[in-house]
Structures are given as C-alpha cells and as structure tokens.
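Fold and contact review
Listed below are the residues making up each chain.
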Amino acid sequence: MTALIPLPIAIPLLAAAISVIVGRSRQAQRVIGLVALASTTAISIALLIGADRDGILVAQSGGWPAPIGISLVVDRLSGIMLVTSALMLLAVLIFAIGQGGVERQHVAFHPMYLVLASGVAASLTTGDLFNLFVAFEMMLAASYVLITMGGRADQVRSGMTYVVISLVASTFFIVVLALVYTATGTVNFADLAGRIPQLPQGTQVMFAVALLVVFGIKAGLFPLFFWLPDSYPTAPGPVTAIFAGLLTKVGVYAIIRTQTLLFPAEAQLGTLLLVVASLTMAVGVFGAIAQDDMKRILSFHIVSQIGYMIFALGLFTVAGLAAAVFYTFNNIILKTSLLLVTGLVERRGGSSRLSEVGGLVRGAPLLGLMFALPALSLAGLPPFGGFVAKFAVFDAGVQSSEWVVVGVAAFVSLLTLYSMTKIWAGAFWGDPDDRPRQRPDTSDTLGGPALMMASTAAVVVIGVAVMIFARPLYSLSERAAEDLLEPIRYVSAVMGGRP
Amino acid sequence: MLLFILLTHLAIGVAILGSGDRLGRRAFAVAALAPALTVGWAITQASGVIGSSSGGSGMSDGVPVSFSWMWVEQLGLQLDLRLDGFGLVMVSLVSGIGLMVCIYAMGYFSYPKPGTARLAGLMTLFAGAMLGVVLSDHLLALFVFWELTSITSYLLIGNDDRNPRARAAALQAILITGAGGLVMLVGLIIIGQSAGTYLISELLLNPPTDGVIAAGVICVLVGAFTKSAQAPFGSWLPGAMVAPTPISAYLHSATMVKAGVYLVARLAPILATTGQWRVLVLSVGAVTMVIGGLRAMRQYDLKLLLAYGTISQLGFLMLMFGTGEYKIAQAAVVLILAHGAFKAALFMVVGIVDHEVGTRDIRELHGFGSSWRPTVVVGILAAASMAGLPPLLGFVGKEKALDTYITYGDFTGSGVVLGVIVVGSMLTFAYSARFVLGLLGHFGVADKPNRSAEAHAPSAMFLGPAAVLTVLTVLLGLAPRLVDPLVAAATTALDPTASPSTVKLWAGFNAALGLSVLVIGVGLLLVWKRAPVARLQRRFSDAISWIPSAERGFLVALRSVTDGSKRLTAVVQSGSLPIYLLIIISVVAIAPLIPALSAWSDLPPLVDVPLHVPLAALVIAASLGASIVKRRISAALMLGAVGYAMAGFFIVQGAPDLALTQLVIETLATVLFVLVLRFLPTRWADRSPAVARPIRLTVSVAAAVSVFVLALVAAGSRDSVSEANISVEMIARSAPEAKGNNIVNVILVDFRGLDTLGEITVLVVSGVGAVALARAGRRRLMLGSDAADEVADYEWSEHEPVPSAAPVAGEMDQ
C-alpha cells in the first residue's frame, strides 16, 4: 500500500511531461490527462481505504528515514482530501474538454492542469514543511499560467493581482521556514511536532501565527482574502471552478495540518482562530450580497465558508475537527459543482450577470435542478450534505459554548440562503425578454453540451451522495479528527522507532 | 409504512415535476393520489392509534405507530417517525384538506398555463414535507422537514416567476421563515444537548431542567413564531397571498403556517414552565390575535381578509396550546380542526369568486345571481363557523376554549389572556361578518364595475371540496361526539398525564356561554356600527403610524443589510493591488510580532565576524535604494547588489560553492533584467497619491524590522531544543551512505531530491507561462490593442476594481 503513496504526485507529473511531448495532438493530450487523473482517483481511493483500515501510511522518499529525507504521509485527512480533489480534478477536466475554449486553443492547458493536480496531491501528502513549500509552488506556478491563459487584458490584470499576492505569500512562507529551521533544526512535520513543544511558549505561538498568516493568504482568511474575489472570477470557466473548489481548501488543509500537528495545546490559537473565522464568515457573505455576477457571488462565498471551517478547527475538539473535515470536503464538491453550473449558465444565458440572464428554469430545467441542489446544500438547508456540515459545526460550537460565533454562523447562513435565492430568482426565474445585452445559446435541449452537462451532473450527484452517505462519511471525518487530536499517532508512524 | 407514505409523496412529486407541462391540470389528479393514499392509510391506523377509550373519559390506550432510521447518529441526526393521536389530527388536516385542495385545483386551473403542473408537483412535495413535520418524533428530523416546507413554499409562492411581486413575496417568506429556522436550529441543539435526547416522546418523560435551556426555549419559539406568522414576523403571510388560491388555501392557512403552532403544542407540556416560555408565547399570541383581527377588519381584498384572519387565529391557537395545560390544549385541538375546515372552505370560495368574476375586491362585488346560491351558502356557513356561531364546529371549539380558560387558567396573567381572547373573538366575528357582507355585495361601490351579477356559477366539482368541508363543519358541530375519541387521543398524545373531558355542543349555562353571548353581541354591534368603527380604526392607525410596521421593518432590515454590504465591500474590496498588499504585509509584520515580543529574552550576539557589518550595511542600503530610486534600471542594479552582498555572507561563512552559485544567478538575473527593461519606460510612473508613499515606506520598514525580530527570537530559542540539527546527520550519512562528498549536492539530488524535482517543474511551468503570456501579448498588439501597455503601467498604480462581467462568452463560442 505504501508504494502507492507517491503515485498521485508522480502520475500527473509524468503525464504532464508526456502531454508536452504530444502537444500537437489535442486528442492524445486528452487521453493522457483523463487516464492520469482517473488512475490518480482510483489510487487515492485505495490510499484512503488503506489509511482508514491500517492506520497512517508513510513512504520515505529515496528510502531515507525521517527526518533526513522527505516523508510522504497519508492519514485519513490527507486521504479524504486526496480523493475529493482527484474526483473534482477529473470532473473539471471532462468539463473543460466538453467546453473547448481555452482547453482547445492552448497547447499548454493539459500540462499545466496536470502539474496543478500533481502539486495539489503533493501538498496533501507531504510530511515536510519545506516540501510543502515546493508543492505549493508547483500548484501556484501552474495556477499562474492557467489563470492568465485566456490572454485577455482583464485576465492578465487580475492574474497579476493573484501572482503578486501569491509571491508575497510564498516569500513570507520561505522566511517562516527559515525561522522554523533556525529554531528547531528540522523541517519534517513529525520531527517538528517533537521539537516545537520544547521552544519557549512565545516562540511557539509566534510560529503558529506566522504559519496561519502564510496559509491564511492562500485560504482566503480575513483580512488576507481581498485578492481572491478579484482574481478567481476572471479566469477561464473550468479554471475558476477548480481554483474555487480546490485551491483555497488546500490552504485550509495546510492550516488544519500545521495547527493540529505541530503545536501543543498551550500554543493553539483557539480564540484567534474563532475571531478570524467570525470576521471571515461575515465579511465574505456581505461581499457576496453586494455582487451582481454569479461568479463573483460564489467567489465571496468561498471566503465566507472558509470561515466555517476555521471556526470548527478553532474549537480544537473532536466534534469541531470532524465538522471541519466534513465541511471542507463537502464544500469542495459544492463549490466545484456551483461554478460548473455557472459556466453552463454563462454559455446558455450569454452572461453570468444576474441582471443580464433570467428565466433559465423554463428552457433548461435540468440546469435549474443542478444549481438548486448544491445551492440549497451550500445554504445549509436540510437534508442536503451542507446541512449535515453546518449542523456539525453548530453542534460542535454549542458543545464548546461558543455562543457568539454560533450566532454569527447562523446569521451568515441566513445571508448565504439569501444570496442563493438571489441567484435563483435572478438567473432561473424572471423574464429573459426584458433583460438587456445577451447572446443566449439555447441550441442544446439539455441545457448545455452533453459532456459539460454530464460532468457537472456527476459532481452534483457526488454532492447528493454526501447526503445519502452522511453517516459513514461523518464517521470517517470523526476518525480523522481523532487522529488530528492525537498527533503522536502521526509522529510515531513517520518517525518509526526514532524518538 | 410511515416512511413509505413520505417516499410516495416524494416519488409522485418528482414524477409530476419531471413530466413538465405535459399533464396540465391533470397533474392535480395525479397529485391527489398521495393524500388519498395517506388518508386511507390513516383511517386504517386510526383505531389502533386512538385506542378503545370511548367518549373521551379516562386515559386513551392507543398505541402509536413508529419507525426509526439512522442518518448520522453521531450527530444525533436520525429519522424517527411516530404516528400518535395528535399526529393523526395533523395528518387528517394535511392530507384531508390536501385531497380537497387537489380536487379543487382541477376546477381552479381549468385553463392551465405553463407551470401549472409544476404547482401540483411542488404541492405534493410540500405535502410530504409537512407530513414529515407532524410525524417526526425527533426534533432534528422535524427541523429537516420544517425547512423543506419552507423551500417548497418559496418555490410555490414564486412559481409565477415573471411576476416581480411573486418573487419578492417568495423571498420575504423564505428569509423570515429561514431566519426563524436557523434560530430554532440553535435552540433545538441547545435543548437536545442539555436533555441528552432529541426525541419528543423521551423529552416528555424527562423534561430538561438545565440552565441554558431557557435560551434554547427562546430560540425555538422564535422559529415557531416566524413559521406561524406571529407578530412581529407575520408580514410574509399576506405577501404570500400572491400565490394561486389553492396554494394559499393549503399552505398558508391550513397546513404550513400551523407548523409553528404544532411545535408549540408539542413542546408546551415539556417546556411551558421553563424560562420565559409562557410570557413569550402568551404575549406574542395575544398581540397577534388582536392585530390580525383589526387588520382583517380593514381589508377589501377577500383573500387578504382571510390571510389576516388566519394570522389572528394562529395567535389564538398559540394562546391555547402555549399554556401547556392539557385541558386548554384539548379545546385547541378542536379549534385547529375547525379552523382547518372552515378556513380552507373560505379560501376556496374566494378562489371561486376570483376565478369566475375576476376580482376579489368586495367593492367590485354586487351580489350574485341565483345560480350562485350554493356557493354563497357554503361561504356563509364557513364564515359563521369562523365567527363561532352555533351549532358549528367553530362554536364548539371556541366555547370549549373559553370554558377551559375560565376553569383551568390558573397561571399568572390568565385573566388578561382570557380578556384578549374575548376581544379577539369579537374582532373575528366582525371580520367574518365583513366577509359575508362582502360576498353578498354590501360593499359594492356604484362606480366600480359590476362584475358579479352575470358571472358564471362554478361547476359542481369546483365547489364540491368547499361544500364537503362545510358539511363536515356542520356535522361535527352538531355531533362533536364523532371527533371526541380523536380529540381525546390527541390530547393524551400531547400530554401523557392528561385525562381529557368530553367535547360537547351544549355544555349547559355557564360562564363561557355568557362570554359567547357577549362576543356575539359586541360583534353584532361592531358590524352594525361598521362605518364609525372603520373611521375610528383609520384614525387610530394614523395615530400609531410612527410605529414601524413589521412589513416596513423587514424591508428596512433587508435594505440595510444589502446597502451595508455594498458599503462595506466597497471599502474592503477596493480592487487595488497596492492596498491589498499593504494590508497583507501589515498583517505579516504585526501578527507574529505580538507573540514574538513576549518570547523576547535578550539580544543574541549579532556579529560573529567583523566583516558582517559592512556586508549587512550594504544589503540594507541597497534594498532601501532599490525601493527609493525612480529609474527601473537602477532598481535592478540595486537588487543585484543585494545578491552580491549575500554572496559575500556565504564566503564569510565558509561556503564558497554557494557563493559562486549565488554570484552566477545574480549576474544572470541582472543581465536579464537589463535586457527586458529596454522595452519598458525608464522610470516608474508614480500616479498614486502623495500620502501613499510614506505609508508604504512605513509598512515595508515595519515588515523588515518585524522579520528581523522574528529571526532574533527564533535564533534565541534554538538552545531550548535538545536534538541536533538534521544537517548533522545528513553530513554524517552523506559520504558513506549516499556516496557523495559534496553535501549540498547530496541534499539536492538525494536526501531532498523530491524538492528539486518540484522546483524544476516550477521552473518549466514558469517558462511556459511566460511564453504563453508573451504570445497573448503579441496577439493583442497585432490586433492593435493597448493591453500590453496597460499591463506595463499596472504595477504600482492604483486602478479601478476589475470589471466583473467581461465578455467571457466570446471565448466559449469558439
């Protein structure tokens, strides 16, 4: 089983290289991309099952024992994230192929997309702080190219915002890395988990805050998120979907991983996280309410919902962390499906602005359904997966008597519902005839080209499956949470016999 | 079977929705299958659930039907369904009236438009959700269904989606009930966690007494009040009347709005004495009953009259169920049945009038021809039941309510509440009379078109359902014995300790009868003097117009949230990269510094070798220089100087190979810079305001100082870690195990080869990206666009927020 661990990183990377070589044939690129991501998905599922059954899986790169070499680790959290991201990457690739657009025009789309996939997998499996930096760089470098790939002026401009902010974050990341190494003499997570508690408490908290800031920029925490809603929506459709669904959550993953594994209870940032979470939830949703464009509304909701995850994390209880894990993977699925639907709405209605489309439910009821299911779930309405996630967060918050944050979360949840009904009433209800300036493409009876519809439907169905299989999935999240609160399991799995 | 009933609703609803508009109004015939099945099933269960106790004396020995399915039991999310006596009452309301409404809708939608079938499908889904509410024994399952009714109600109200009023009303309904639902969810979690169970049947046996439960009670009540349109959350209900009449009759009078009352009825025996329950429920119910009645008396639209009447009656039901006294609750059970029957019938009559005459405005009704007599009779009988006239079921319920309140209302404030009920009943009498007079044409204004005189009378099928409900009202009023076992079973289901009494039409000469006579007397007076009363009301409402109404309150709240969001977002989301960077770098500078300062011990030795001093000075000077100079090329050279100084550090520290690498990279980078900068303007165009410069400088220096302090703290903490640097072991293993004498090389290609692989990838990707951008730029230049200049000018200039709706469609068309 451990032999499989490097594969989610290696396969897409190798496929990216081959994809460059066969760049002349888009068909070959497609086959390579699909095969690579499909096999990655299968391997990720195998890894999750393995990690859940046999405990934490570890591979030491180059055979060097930790902490000399780089450890690759798949625990339940990593496994869950790997499976979710692999599924989304695969679905969005199919969507992109169906859409044509940038995928067809640009020879580099497939290689970049595969490098992104590899970087995401590396970020999720690495057990090493420096390697995490490298993995982030892989992911980011590919994302820089993807976000500007359309080559339009506004894409380049907002891509610029994205690139500059990400570079600043990376610079600070490397500074923090250097500081951590200076203080502890190691960069291996498991090794760090043993050494950081020996530091003076102030230094521990300093590192905890510094890492929170580093990943907070990526995850889109208040007040570090402002770049996000400005840059994501302008990217080519499927790129936005995968960025919105996945990339910020890799940041969340890094926050969960580092805050639970590296720092002992007395250096945990409970209160800070709760305050940041409340502000992130609220400011994000207020931003969403102020928007008219579906993509921008959804981009602000990314931010708002990151707040829920951080809230749940900040409780540092099994219930809280289980809620955080459940909320995170569920949110990846929902966000991806909503942005894919937005791509379809844009195609069919000629725009993603609510003031320019309308009445879609009549011509394309299936599209309406594919929006309504994840949207209701995102708003946390029962019985959808988002409700279970939200309920788990509330439940954990009430258990810890964090009344204020629960109150904020409830209020934000109402505003989320408001903003989903706004999209619904704007895009799916109403009369398209009295809307200005649109170039609707109503040629498809289904609501869009078959491949785009099918891939979107698949993601929506996965979202519905979360509802149906909420019990085993929540149990899994709970087990993942127990692992996270017992870092010794991770440490002993990685370090083996060593102290 | 319980689950099967719910799933049947789901299946039929989805099937109807899936069939699109193909079924037309026949969709309602299909939809009727679900309630028909439910009613049939409920009848088969009735004898078992009600038990053998006859005539309402003594305990009922009915056995509830139950079903349980785990969903996420770790969170306490599970589906526990239970059909007991009270459940049976609610099921008969939901499905009995549902069946009638489906038949009625076939007449109402005689000319189906696109979307009519959708109403039938959504209504079936709603009915399933509503059954779920009244069958759930588990509070969270109840909540799940509760929210499902809100969603379906949203879709039903807004079904005529081209009508902006319908959309607005749908939004208002879902926002208010959604807000209440969320508060309620928190309340339910509090109650569940402090009681250790979410099962209503278990809560009944072990009422929670925990301190926080008082907060939970308030939260749950807020949810119930919003759903049942209680003051001050009632504003959505009149708006919801924009929906077609069958929908209003079903959701917004007979079933969904009773969900709040239902929850209060279920929880009152458990929580009535907890916290502020009684104060809240009774005061809110009282205010709602009176205000609803007063408003109903002023309406000209028959449907709105009924809507405000419904609000008033829901307040009445709150006043009764909310007490937690089973004797009063028993009267409420009768009343809830009576209300379901007469209100649905009245709505149906209004729908008939609207359908045939084309108006619901009583000023445009001038009396009907003789063929309308059956319709008018049905309307009058149902209204009489609403007014509480004997011998109708409405009278039986109200009489029992007054009687039980007089006899058993022994809690604080019960006298006041009784007074409110009497006043509210007078108002009910008055607006019921207004309804009848309006129907008969007494409000017809001469200069308004006379539409009713030659209107076509409704078909038998159209009137049938209303007639059936009215016959039931009369029949059960004359022989309340027929419902007695059901009412008794419902009462014991609500409160296992109850010993319900008999429901009678004629209870003898008692105080309640006196009050009834008083109600009817004053009611008649109000009707007789209706003109002066209306004037008085108008003057009164003018006098209190400074008090914001609930409707206004909602609009103001909504507007302030949207406006506030816009303002807030305009501030934080400036669209300016420099500002974003400023904020991020400030956070970077400040956040970790605060804990670092607490860890600050003393300054470690800063200088090992004297040569460090000039090197450090060079680095600092060059970086400051790079940020101050205005010429691009000078800045690039300054950066090169920083790099060379770093190489100097490496030499001093004894790493000549690293220094060499650094020198090569720095030289190469500077050369590349110079080559590229040829194409750009020589100077930065600094278009930012003058204040920006000092702020930027401050933040940058602060960040630098902060990192300096962090580095000192980190270095100062090194001694507290006992283990050696991993480099020690790396050096030890390098030659013997990795067979490499150059430790740097071994680290790069062996120990940490994965990092190197990753970095190579990053390099390649960046190259690809640069080429792609350059190509895109060239394409644009060839197209004559100035986008490339735009990018060049971008760097440090403030700019407008990125336009959010670029024509992406163009890209997709290709």
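None of these values were measured; they are calculated from a predicted model. (Residues numbered from 1 in each chain as written. Chains lettered and ligands numbered in written order. Predicted model: local features only at pLDDT ≥ 70, side-chain atom pairs only at ≥ 80, totals over all residues. Heavy atoms only, no water.)

1. Here's the deal with the overall build of chain A
In plain terms, the rule: The numbering of helices and of strands both runs from the N terminus, where a helix is a DSSP run of H or I of at least 4 residues and a strand a run of E of at least 2. Taken over C-alpha atoms, the radius of gyration is set against a globule rule of 2.2 Å times the number of residues to the power 0.38. Here's how the labels work: a residue is buried when its accessible area is under 20% of the maximum for its type, exposed when over 50%, partly exposed in between, all with a 1.4 Å probe on protein chains only.
Of the regular secondary structure elements, chain A holds 21 helices and two strands. On C-alpha atoms alone, chain A measures out to a radius of gyration of 21 Å, which is about the 23 Å that the 2.2 N^0.38 rule sets for 499 residues. Based on the C-alpha atoms only, the size of chain A along its principal axes is roughly 70 × 55 × 40 Å. In chain A, buried positions account for 73% of the 499 residues.

2. Structural notes on the pattern of salt bridges
To keep it simple, the criterion reads: Any Lys or Arg side-chain nitrogen located within 4 Å of an Asp or Glu carboxyl oxygen qualifies as a salt bridge.
Applying the stated rule across the entire model yields 23 salt bridges over all chains. When the shortest N-O distance is used, the salt bridge between Asp84(B) and Arg266(B) registers 2.8 Å. Here Asp84(B), found in the loop between strand 2 (77–83) and helix 3 (85–108), pairs with Arg266(B), found in helix 11 (residues 258–271); they are 182 residues apart in sequence, far enough to count as distant. Look at Arg266(B) and you get buried, because its relative accessible area is 7%. Asp354(B) is the partner of Arg360(B) in a salt bridge, and the nearest nitrogen-oxygen pair spans 3.3 Å. Where salt bridges share partners, they join Asp52(A), Arg76(A), Arg479(A), Asp483(A) and Arg489(A) into one cluster.

3. With respect to the confidence of the model for chain B
Residue and element names in this part refer to chain B. Here is the rule we go by: Per residue, pLDDT measures the predictor's confidence, with a range of 0 to 100. Contacts: residue pairs with any heavy atoms within 4.5 Å of one another.
On average, chain B scores 86 in pLDDT, and the residues at 70 or more come to 93%. At the low end of the mean pLDDT range in chain B sits helix 33 (residues 809–813), at 33; at the high end sits helix 13 (residues 302–321), at 94. Below a pLDDT of 50 lies the segment residues 54–59, which in the model reaches 12 contacts outside its immediate sequence neighbourhood of four places, other chains included. In the model, residues 784–814 has pLDDT below 50 throughout and makes 72 contacts with residues more than four positions away in sequence or in other chains.

4. Some remarks on the pairing of strand 1 (residues 65–72) of chain B
Looking down a regular strand, the side chains alternate between one sheet face and the other. Which entries qualify depends on this criterion: Should DSSP find at least two bridges between two strands, the strands are taken to pair.
Direction of pairing for strand 1 of chain B relative to strand 2 of chain B: antiparallel, over a ladder of seven bridges. Bridging from a neighbouring strand, Ser66(B) pairs with Arg82(B) of strand 2 of chain B.

5. Quick notes on the interface of chain A and chain B
Accessible area lost during the coming together of the parts is what is often quoted as the interface size. Note the cut-off: Values labelled buried area give the accessible surface lost by two parts on being combined, using a 1.4 Å probe and summing over both. Two N or O atoms count as a polar contact when they lie within 3.5 Å, although within protein this holds only if one can serve as hydrogen donor and the other as acceptor, and sequence-adjacent residues are included solely when both atoms are side-chain atoms. Any residue that is not Ala, Val, Leu, Ile, Met, Phe, Trp, Tyr, Cys, Pro, Asp, Glu, Lys or Arg is counted as polar, Gly included; the first ten are nonpolar and the last four charged.
The interface is formed by 129 residues belonging to chain A together with 113 residues belonging to chain B. Taken together, the two surfaces of chain A and chain B that pack against each other cover about 10800 Å², and 70% of this comes from carbon and sulfur. Considering only the surface of chain A that becomes buried against chain B, Trp64(A), Arg157(A) and Trp429(A) emerge as the three largest contributors, covering 7% of it. Taken together, the connections running from chain A to chain B amount to three salt bridges. With its nearest N and O atoms 2.5 Å apart, the salt bridge here joins Asp128(A) to Arg752(B). Where chain A meets chain B, there are 16 residue pairs in polar contact (both at pLDDT 80 or more). Ranked by residues supplied to the side of chain A that touches chain B, first place goes to helix 7 (residues 153–184) of chain A with 18 residues. Residue classes in the side of chain A that touches chain B are distributed as 75 nonpolar, 30 polar and 24 charged.

6. A word on helix 2 (residues 26–54) of chain A
Our working definition: The span you would expect from a helix comes to 1.5 Å times its residue count less one.
In a regular helix each residue adds 1.5 Å, so 29 residues correspond to 42 Å; helix 2 of chain A covers 41 Å between its end C-alpha atoms and thus fits that length. Gly55(A), located one to two residues past helix 2 of chain A, shows a positive phi value of around 90°.

7. Section: a positive patch on the surface
Residue and element names in this part refer to chain B. Going by this rule: Any residue with relative accessible area above 30% and no salt bridge may belong to a patch, with like charges joined within 9 Å and the nonpolar Val, Leu, Ile, Met, Phe, Trp and Tyr side chains within 5 Å. Areas reported as accessible are Shrake-Rupley estimates using a 1.4 Å probe. Residue values count occlusion only from the protein chains shown. Positive charges are assigned to Lys and Arg, negative charges to Asp and Glu, while His and the chain termini are left out of the count. Each charge is placed at NZ for Lys, CZ for Arg, CG for Asp and CD for Glu.
A surface patch of positive charge is lined by Arg295, Arg298, Arg535, Arg538 and Arg539. Per element, the largest residue contribution to the positive patch is three residues, and it comes from helix 21 (residues 530–543). Tracing the chain through its elements places Arg295 in helix 12 (residues 277–296).

8. What to know about the nonpolar core
Where we set the bar: By convention a nonpolar core is built from buried Ala, Val, Leu, Ile, Met, Phe, Trp, Tyr and Cys residues, the set being connected through side-chain atoms within 4.5 Å.
By size, the foremost hydrophobic cluster in this structure holds 443 residues, and its most contacted members are Leu129(A), Phe243(A), Phe311(A), Phe371(A), Phe86(B), Trp277(B) and Phe321(B). Those residues in contact with Phe311(A), other than ones at most four positions away along the chain, are Leu274(A), Ala277(A), Met281(A), Val393(A), Gly397(A), Glu402(A), Val405(A), Val406(A) and Ala409(A). Counting residues in hydrophobic clusters, the runner-up holds seven residues, among them Trp64(A), Ala738(B), Val746(B) and Phe751(B).

9. What about the packing of aromatic side chains?
To describe a pair of aromatic rings, one takes the distance between the centres and the angle between the planes. The line we're drawing: Each Phe, Tyr or Trp ring, with Trp reduced to its six-membered ring, pairs with another whose centre is within 6.5 Å; inter-plane angles below 30 degrees give stacked pairs, above 60 give edge-to-face pairs, and intermediate values give tilted ones. Counted as over-ring charges are cases with an Arg CZ or a Lys NZ within 6 Å of the ring centre that also lie within 35 degrees of the ring normal.
Scanning the entire structure with this criterion turns up 37 aromatic pairs over all chains. Both rings, one in Phe371(A) and one in Trp424(A), keep their centres 6.5 Å apart while their planes meet at 15°; by these two values the pair is stacked. Taken together, the residues span a long stretch of sequence, with Phe371(A) in helix 16 (residues 365–378) and Trp424(A) in helix 18 (residues 403–428) at a distance of 53 residues. Three or more aromatic residues link up through ring pairs in this structure, and these residues are Phe130(A), Phe133(A), Phe136(A), Phe173(A) and Phe215(A). The ring of Tyr300(B) carries the charged tip of Arg363(B) above its face, separated from the ring centre by 4.0 Å. Just above the ring of Phe443(B) sits the side chain of Arg434(B); from NZ or CZ to the centre is 4.7 Å.

10. Description of helix 14 (residues 326–357) of chain B
Residues and elements named next belong to chain B. End to end, helix 14 covers 45 Å across 32 residues, agreeing with the expected 46 Å (1.5 Å per residue, within 8%). Of all 32 residues that make up helix 14, 30 are buried, and the element is covered over most of its length. Of the residues trailing helix 14, Gly358 is marked for its positive phi of about 90°.

11. Overview of the environment of Val707(B)
Here Val707(B) lies in helix 28 (residues 692–716). Under the relative-accessibility criterion, Val707(B) is labelled partly exposed at 26%.

12. Regarding the packing of helix 14 (residues 318–349) of chain A against helix 17 (residues 385–399) of chain A
Residues and elements named next belong to chain A. Stated precisely, the cut-off is as follows: Working convention: axes come from line fits to C-alpha atoms, limited for helices to the stretch in contact. Angles between N-to-C directions cover 0 to 180 degrees. Here the angle decides the label: under 35 degrees means roughly parallel, over 145 means roughly antiparallel, 65 to 115 means roughly perpendicular, and every other value means oblique. For any pair of crossing helices, the crossing counts as left-handed if the nearer helix is rotated counterclockwise from the farther one by less than a right angle, and right-handed if it is rotated clockwise.
Across the interface, helix 14 lies against helix 17 with an axial gap of 9 Å and an inter-helix angle of 155°. In this view, helix 14 runs roughly antiparallel relative to helix 17, as classed from their interaxial angle. When the axes of helix 14 and helix 17 are compared, the crossing they make is left-handed. Where helix 14 abuts helix 17, its residues Ala319, Gly320, Ala323, Phe326, Tyr327, Asn330 and Leu334 lie against Gly385, Gly386, Val388, Ala389, Lys390, Ala392, Val393, Ala396 and Gln399. Partitioning the contact of helix 14 with helix 17 into residue classes produces 10 nonpolar, five polar and one charged.

13. Some points on the domain arrangement of chain B
The cut-off we apply is this: Start and end points for every domain follow an automatic or database-based domain assignment.
One can read the domain layout of chain B as domain 1 (2–53 + 65–547) and domain 2 (745–796). Of note, the centres of domain 1 of chain B and domain 2 of chain B, computed from C-alpha atoms alone, are 66 Å apart.

14. Considering the packing of helix 7 of chain A against helix 28 of chain B
The geometry of helix 7 of chain A relative to helix 28 of chain B is characterised by a closest axis approach of 8 Å and an angle of 25° between their N-to-C directions. As summarised for this structure, helix 7 of chain A and helix 28 of chain B are arranged roughly parallel, according to the angle between their axes. Where helix 7 of chain A approaches helix 28 of chain B, its residues Val175(A), Leu179(A), Thr182(A) and Ala183(A) are matched on the opposing element by Val707(B), Leu710(B), Ala711(B), Ala714(B) and Ala715(B). Of the residues contributing to the contact of helix 7 of chain A with helix 28 of chain B, the split by class is eight nonpolar, one polar and no charged.

15. Concerning the environment of Ser248(B)
Residue and element names in this part refer to chain B. By secondary structure assignment, the location of Ser248 is in helix 10 (residues 245–254). Counting along the chain gives 10 residues from Ser248 to Pro238, while the straight-line C-alpha distance between them is 9.9 Å. Of note is the side chain of Ser248, whose polar atom sits 3.5 Å from the backbone oxygen of Ala243.

16. Here's the deal with the side chain of Lys327(B)
Residues and elements named next belong to chain B. Its place among the elements puts Lys327 in helix 14. Of the side chains bearing the opposite charge, Glu325 lies closest to the buried Lys327, which forms no salt bridge; the N-O distance is 7.1 Å. Beyond its immediate stretch of four places on either side in the chain, Lys327 contacts Thr404, Tyr408 and Ser499.

17. Observations concerning unusual backbone geometry
Residue and element names in this part refer to chain A. Following Ala66, the chain continues to Pro67 via a peptide bond in cis, the omega torsion being 5°. With respect to the helices and strands, Pro67 occurs in the loop between strand 1 (57–60) and strand 2 (71–74). In this model, Phe222 is joined to Pro223 through a cis peptide bond whose omega is -5°. Here Pro223 is to be found in the loop between helix 9 (201–219) and helix 10 (227–231). Backbone geometry places Phe316, a non-glycine residue, at a positive phi of 50°.

18. Some details on the environment of Ser401(A)
The topology assignment puts Ser401(A) in the loop between helix 17 and helix 18. In this structure the C-alpha to C-alpha distance between Ser401(A) and Thr84(A), which are 317 residues apart in sequence, comes to 31 Å.

19. Some remarks on a nonpolar patch on the surface
Residues and elements named next belong to chain B. Residues Ile620, Leu624, Ile628, Leu697, Val701 and Val705 make up a contiguous nonpolar surface patch of about 510 Å² in total accessible area. Among the elements of the structure, helix 25 (612–628) and helix 28 are those that each provide at least two residues to the nonpolar patch. In this fold, Leu624 is placed in helix 25.

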